[in-house]
Amino acid sequence: MTRKFRIQDLVNLVDQSVTIYGWVDTIRDQKSVQFVIIRDETGKVQVVHDRQENPDLAEVIGQLSTDSVVEVTGKVIADERVKLGGLELRVESFKILSKADDLPINEQSNLDKRLDWRFIDLRSRRNQLIFQAQTILENEFRRHCQDEGLIEINSPKLMASPSESRSELFQVKYFDRTAYLAQSPQFYKQMGIASGFPGVFETGPVFRANPSFTSRHDTEFTSLDVEIAWVSSHEDVMSFEERLLRRAIEAIKSSLGPELESEFGTPITVPQLPFPRIPHAEAIRLVKEAGYEIPRSDGDLDPEAERRLSENLMKTTGHEFVFVTDYPSSVRPFYHMRYEDAPTVTKSFDLIWKGLEITTGAQREHRYEILKSQVLDKGLDPQSLDFYLDFFRFGCPPHGGFGLGLTRLLMILLGVANVREVTYLYRGPNRLVP
RNA sequence: GGACCUGUGGUGCAGCUCGGAGUGCACGCCGGCCUGUCAAGCCGGAGGUCGCGGGUUCAAAUCCCGUCAGGUCCGCCA
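Residues numbered from 1 in each chain as written. Chains lettered and ligands numbered in written order. Predicted model: local features only at pLDDT ≥ 70, side-chain atom pairs only at ≥ 80, totals over all residues. Heavy atoms only, no water.

1. Quick notes on the environment of Phe 240
In step 1: If you trace the backbone, Phe 240 turns up in helix H6 (residues 234–264).
In step 2: Remark: the alpha-carbon pair of Phe 240 and Arg 114, spanning 126 residues in sequence, is separated by 38 Å. (Helix = DSSP H or I, 4+ residues; strand = E, 2+ residues; numbered from the N terminus.)

2. A word on the nonpolar core
In step 1: In terms of nonpolar packing, the biggest core is built from 48 residues, with Val 226, Leu 260, Phe 321, Trp 353, Phe 402, Leu 413 and Leu 414 touching the most fellow members.
In step 2: When contributions to this core are tallied by element, the ones reaching two or more residues are helix H4 (125–147), strand E12 (220–229), H6, strand E14 (321–325), strand E15 (348–353), strand E16 (356–363), strand E17 (399–405) and helix H11 (406–414).
In step 3: If one sorts the elements of this core by residue count, H6 sits on top with twelve residues.
In step 4: Membership of the second largest hydrophobic core comes to 21 residues, among which are Ile 7, Leu 13, Val 36 and Leu 57. (Core = buried A, V, L, I, M, F, W, Y, C linked by side-chain atoms within 4.5 Å. Buried < 20%, exposed > 50% of the residue type's maximum accessible area, 1.4 Å probe, protein only.)

3. Overview of the protein's contact with RNA strand B
In step 1: Around RNA strand B, the structure places 48 residues, and the nearest of them are Arg 28, Arg 81, Glu 88, Thr 359 and Asn 418.
In step 2: Close to the protein, within 4 Å, the atoms of RNA strand B belong to sugar or phosphate groups at a rate of 56%.
In step 3: At a separation of 2.9 Å, a phosphate oxygen of RNA strand B approaches a polar side-chain atom of Lys 113.
In step 4: Interatomic distance of 2.9 Å between a side-chain N/O atom of Thr 360 and a phosphate oxygen of RNA strand B.
In step 5: The set of elements that each furnish at least two residues to the surface near RNA strand B consists of strand E2 (17–29), strand E6 (87–98), helix H2 (111–116), helix H8 (303–317), E16 and H11.
In step 6: Examining the composition of the surface near RNA strand B, we find that four residues originate from one element, E16, more than from any other.
In step 7: Its residues assigned to classes, the surface near RNA strand B comprises eight nonpolar, 19 polar and 21 charged. (Near = heavy atom within 4 Å. Polar contact = N/O pair within 3.5 Å; in protein donor to acceptor, adjacent residues only side chain to side chain. Nonpolar A, V, L, I, M, F, W, Y, C, P; charged D, E, K, R; others polar.)

In structure tokens, the structure reads:
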């Protein structure tokens with residue numbers, strides 16, 4: 001009886017006849033013996049055929065092309081000569097299920113060409129690993145939120161009015177009027193708090209219409225969003241997030257660590273708690289003292305300052321993460337809560353991992369009158385925000401939350417140079433296909 | 001939106017300063033050789049309007065201008 005197996009199972013099936021399914025990885029067609037390396041998502045195995053044994057089969061194997069999909073039945077033999085795991089499959093039958101043309105890309109091809117042929121690019125072990133890591137990450141995010149009593153929501157991505165700033169919104173035709181693609185679930189998350197949920201979370205797409213040409217931006221990406229009721233400050237939110245990240249990184253390291261590290265060359269470090277925290281004003285001072293004059297005039301950190309700050313703290317604390325807290329209200333949105341005794345400072349934070357901003361969070365302003373005055377303070381029109389401001393008119397608990405960019409997280413975790421590498425199908429100003 | 005960089009067989013590069021026949025390298029592909037390969041090896045071969053348009057010149061992949069496509073950084077942000 002022949003049964004179907006994954007390649008990783010063959011080591012336990014020596015001397016048995018099995019059928020495997022996979023992709024042709026390498027063909028070494030010699031005068032008397034033919035070797036074909038078959039790959040599936042669990043590994044690779046060598047298939048061997050003595051040409052004399054079956055001339056018809058020899059002909060089939062002679063016509064093979066790389067990445068064709070095949071069904072191979074044979075006997076598993078332990079043979080020390082085989083460098084690939086000391087195992088091989090002696091062919092009994094060999095069927096081509098789907099023949100492949102010559103591939104338009106290989107692992108040397110540049111990223112843009114590989115993205116044109118993403119379905120082929122994703123076949124590599126390296127790329128499969130990225131999405132295995134992503135699966136664990138999203139799963140741990142869900143489980144952590146659930147363990148902490150939060151409710152999962154799926155907020156709409158079609159909106160009648162902009163959630164924050166109109167400039168970065170995509171417009172879509174919506175019957176006889178205009179709708180916008182959500183650039184954040186921010187307002188709908190907060191609605192959940194006003195609805196009496198103990199906290200909400202969501203993983204979903206967000207859309208940003210910015211023409212940003214960098215290695216860390218995309219126009220559509222997955223955001224991991226959290227909003228928690230009854231927080232007493234942004235400290236509670238940071239504490240939630242650092243525990244979440246430690247848990248997720250721990251889970252990834254324990255199931256994929258060695259393979260990820262050998263494939264990507266980036267050591268995966270499970271972070272210690274708590275993450276270092278540094279108030280914004282102190283961060284600015286520290287970067288200046290270290291000799292960097294921030295060119296921008298609004299008093300915020302620029303990317304270079306964030307990289308330098310991160311590097312500095314990695315040296316002094318040995319920690320890859322840093323929360324920068326207490327941003328000036330001038331560089332934060334109207335809904336971030338301000339300190340009672342220092343109204344130009346917000347109860348907010350960014351999380352920087354190895355120099356890259358991966359999160360923005362804050363305690364939110366839940367007091368209607370104060371919120372409304374902050375709307376006016378930012379020069380916004382309260383009427384256009386009526387539906388949002390109403391959340392705070394009928395009883396709303398104190399709350400806070402954050403948004404975490406999935407692709408940025410993966411990019412830093414694996415040490416790859418570009419979010420495009422870790423996005424299933426990247427969308428940017430110059431790319432809408434495939 | 002701003003600054004800078006890149007575009008050469010299917011893939012990755014070199015050639016460009018200092019103009020002289022589409023020249024070279026690696027991978028892949030096709031054919032041949034090879035009694036067990038395993039980054040296979042050896043021999044031979046095919047494959048190119050040098051992104052596109054214009055200019056300078058006896059002569060342009062090479063110099064100049066324009067244009068298109070892509071990238072990096074800044075701004076915006078996760």
